[in-house]
Structures are given as structure tokens and as C-alpha cells.
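Residue strings, one per chain:
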Amino acid sequence: MPYIFILFFSPIFSGITKLINDKAAIPLHEGECDSSDEKVPRKWLMNNWALFSAIYKEQPLDDIKEYFGVKPVLYLAWVLHLHADLSFISRSVVFTVWVPYLLGPYSQ
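This is a predicted model, so every value here is computed, not measured.

Enquirer: Could you give an account of the overall build of the protein chain, naming the residues involved and the relevant values?
Expert: The helix and strand inventory of the protein chain stands at five helices and zero strands. In the protein chain, the succession of α and β elements from N to C terminus is α-α-α-α-α. Per-residue burial over the protein chain gives 11% buried out of 108 residues. About 9800 Å² of surface is accessible on the protein chain, with carbon and sulfur atoms providing 68% of the total.

Enquirer: Give me the lowdown on helix α3 (residues 41-48), citing residues and values where you can.
Expert: Helical periodicity: at 3.6 residues per turn, an α-helix aligns residues three or four positions apart in one direction. Every buried residue of α3 is listed here: Arg42, Lys43 and Leu45. Axial view of α3: buried residues confined to an arc of 165°, hence all on one face.

Enquirer: Which residues make up the side chain of Gln59, and what values go with them?
Expert: Following the sequence through the fold, Gln59 ends up in the loop between α3 and α4 (61-68). Of the polar contacts made by the side chain of Gln59, one reaches the backbone oxygen of Lys57; its length is 3.5 Å. Residues contacting Gln59, with those up to four places away along its chain left out, are Trp49, Ala54 and Leu80.

Enquirer: Describe the packing of aromatic side chains, with residues and values.
Expert: Evaluated as defined, the whole model comprises two aromatic pairs. For the ring pair Tyr67 and Phe68, a centre distance of 4.9 Å and an interplane angle of 90° mean the geometry is edge-to-face. Aromatic pair Tyr75 and Trp78: ring centres 6.2 Å apart, planes at 35°, arrangement tilted. On the criterion of helical spacing, the pair formed by Tyr75 and Trp78 is a turn pair, its members being three residues apart in helix α5 (residues 70-103). In this structure Tyr75 comes out as exposed when scored by relative accessible area, which is 54%.

Rules used throughout
- Residue positions are given per chain, counting from 1 as you read along its sequence in written order.
- Under the rules for a predicted model, residues below a pLDDT of 70 receive no local features and side-chain atom pairs below 80 are neither given nor counted, while totals for whole chains, interfaces and linings still include all residues.
- Water and hydrogen atoms were dropped before computing side-chain values, which therefore reflect all heavy atoms in the structure.
- Counting from the N terminus, the helices are the DSSP runs of H or I reaching at least four residues and the strands are the DSSP runs of E reaching at least two.
- Throughout, exposure labels follow a simple rule: accessible area from a 1.4 Å probe, protein chains only, divided by the maximum for the residue type, with under 20% read as buried, over 50% as exposed, and the rest as partly exposed.
- Here the open area of atoms and residues is found with the Shrake-Rupley method and a 1.4 Å probe, where only the protein chains shown may cover a residue.
- Within this analysis, the arc is defined by the directions that extend from the helix axis to the C-beta atoms.
- The definition of a polar contact used here is a pair of N or O atoms within 3.5 Å, where within protein one atom must be able to donate a hydrogen and the other to accept one, and adjacent residues in sequence count solely through side-chain atom pairs.
- Contacts are residue-level and defined by heavy atoms, with any inter-residue pair within 4.5 Å sufficient.
- Side-chain rings of Phe, Tyr and Trp, where Trp is taken by its six-membered ring, are said to pair if the distance between their centres is within 6.5 Å; with planes under 30 degrees apart they count as stacked, over 60 as edge-to-face, and otherwise as tilted.

This is how it looks when you write it as C-alpha cells:
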């Protein structure tokens with residue numbers, strides 16, 4: 001309960017509320033997602049994509065594009081590609097530099 005109090009009365013939340021009220025910011029969604037119909041794109045994304053357990057699954061870029069538009073999907077695809085490239089490079093460096101260094105004293 002205290003977290004909700006901190007969230008609603010924090011300067012960040014009041015700043016976002018002021019921006020939305022002044023029409024300087026547009027919220028991504030309107031209203032609550034209380035529809036029981038699974039065919040609603042927002043409900044489907046909440047149940048299948050916006051879960052911590054879905055972190056290792058393939059991202060449904062086509063469904064996200066239908067709901068949010070092209071620009072957020074391009075950014076998400078770029079971040080996923082960048083993450084894959086950087087994780088491959090970091091694993092390669094660890095394997096080629098640190099493993100021989102750690103095994104060096106034992107190879108004599």
C-alpha cells in the first residue's frame with residue numbers, strides 16, 4: 001500500500017499527469033483493459049507478451065505493430081538485434097580471452 005501512495009504523490013507522477021492534462025503528452029492506452037474477449041489486441045498483448053515469463057520467447061512484432069504502429073516496432077526490433085549482437089560479442093571475448101587465461105596455469 002505505501003508504494004501506491006508514493007507513486008501517486010511523487011513529483012514524477014504529478015509531472016506526467018500535468019503533461020497529459022495540458023495535452024503535451026499522449027497516453028499510449030485509454031482506459032482499463034477489462035475486456036474478456038481475447039481477440040482484443042491489447043488484451044492479447046497483456047496476456048502473452050507483457051509477462052516476465054515471456055522474456056525468452058520470440059517477440060510478436062507483427063501484433064505489436066498492429067497495436068502501437070511502425071516506429072515502436074522498429075525501435076524494439078533494433079534493440080533486440082543490438083542485444084543479440086552484443087551478447088554474441090561478449091561471449092566471444094570471454095571465451096577467447098578469459099578461458100585461456102584461467103586455464104593457462106593448469107596446462108603446464
